Amino acid sequence: MNVQLAAQLLSNSVADALDICRTRLKLPQFVESEGTSKFLRIFNNAFDILNSRNLSHTGSAYKKLITYVQLEEVPDGSNCLGNLEEVL
């Protein structure tokens, strides 16, 4: 499997699309999609944390280099992978 395709599928953009289908468009197929949205966001953040390289990154806190200080700054950063266990 191509990691880039997996990262695109397991992303905040796809989670946002599911949320729009559920809340704004009120499509019946997406009534119980909250868990899937949460799962996608957790994987997106896990990809960002595990793919981090730059200590001085100014964007998302999840994309900074992993350090003990950075894990304390990220909301649920130290428990990002622990949250994944809840979803699975």
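Predicted, not measured: the structure shown is a model, and the values here were computed from it.

Enquirer: Describe the overall build of the protein, naming the residues involved and giving the relevant values.
Expert: For the protein, the helix and strand inventory stands at five helices and zero strands. Listing each helix as α and each strand as β along the protein from the N terminus yields α-α-α-α-α. Taking all 88 residues of the protein together, 28% fall into the buried category. In the protein, once contacts between residues fewer than 6 apart in sequence are set aside, the share between residues at least 24 apart is 40%. As presented, the protein carries roughly 6300 Å² of accessible surface, and 57% of it is formed by carbon and sulfur atoms.

Enquirer: Mind laying out a nonpolar patch on the surface, listing which residues take part and the relevant values?
Expert: Taken together, the side chains of Ile 20, Leu 25 and Leu 27 define a hydrophobic patch exposed on the protein surface, amounting to about 240 Å² of accessible area. Mapped onto the fold, Ile 20 is located in helix α2 (residues 12-23). Take Ile 20: its relative accessible area is 37%, and that puts it in the partly exposed class.

Enquirer: I'd like a description of the pattern of salt bridges, backed by residues and values.
Expert: This model, assessed by the stated rule, comprises four salt bridges. For Asp 16, the salt bridge is made with Arg 41, and the minimal N-O distance between the two is 3.0 Å. Placement of Asp 16 in helix α2 and of Arg 41 in helix α3 (residues 34-50) is noted, with a sequence separation of 25 residues between them. We classify Arg 41 as partly exposed; its relative accessible area is 24%. One salt bridge connects Arg 41 with Asp 19, and the closest N-O pair in it is separated by 2.5 Å. Here Arg 41, found in helix α3, pairs with Asp 19, found in helix α2; they are 22 residues apart in sequence, far enough to count as distant.

Enquirer: So what's going on with the packing of aromatic side chains? Which residues, and what values?
Expert: Tallying each qualifying case throughout the model produces two aromatic pairs. Seen from their ring centres, Phe 39 and Phe 43 are 4.9 Å apart, and the 55° between their planes marks the pair as tilted. Of this pair, Phe 39 and Phe 43 both sit in helix α3, separated by four residues, roughly a single helical turn. A residue is classified by how much of its surface remains accessible, and Phe 43, at 22% relative accessible area, is partly exposed. A ring pair is formed by Phe 43 and Phe 47, whose centres lie 6.1 Å apart and whose planes are at 55°; its orientation type is tilted.

Conventions adopted
Residues numbered from 1 in each chain as written. Predicted model: local features only at pLDDT ≥ 70, side-chain atom pairs only at ≥ 80, totals over all residues. Heavy atoms only, no water. Helix = DSSP H or I, 4+ residues; strand = E, 2+ residues; numbered from the N terminus. Buried < 20%, exposed > 50% of the residue type's maximum accessible area, 1.4 Å probe, protein only. Contact = heavy atoms within 4.5 Å. Areas by Shrake-Rupley, 256 points an atom, 1.4 Å probe, with all protein chains shown as cover. Patch = residues over 30% accessible without salt bridge, like charges linked within 9 Å, V, L, I, M, F, W, Y side chains within 5 Å. Salt bridge = Lys/Arg side-chain N within 4 Å of Asp/Glu carboxyl O. Phe/Tyr/Trp six-rings, centres within 6.5 Å; stacked < 30°, edge-to-face > 60°.

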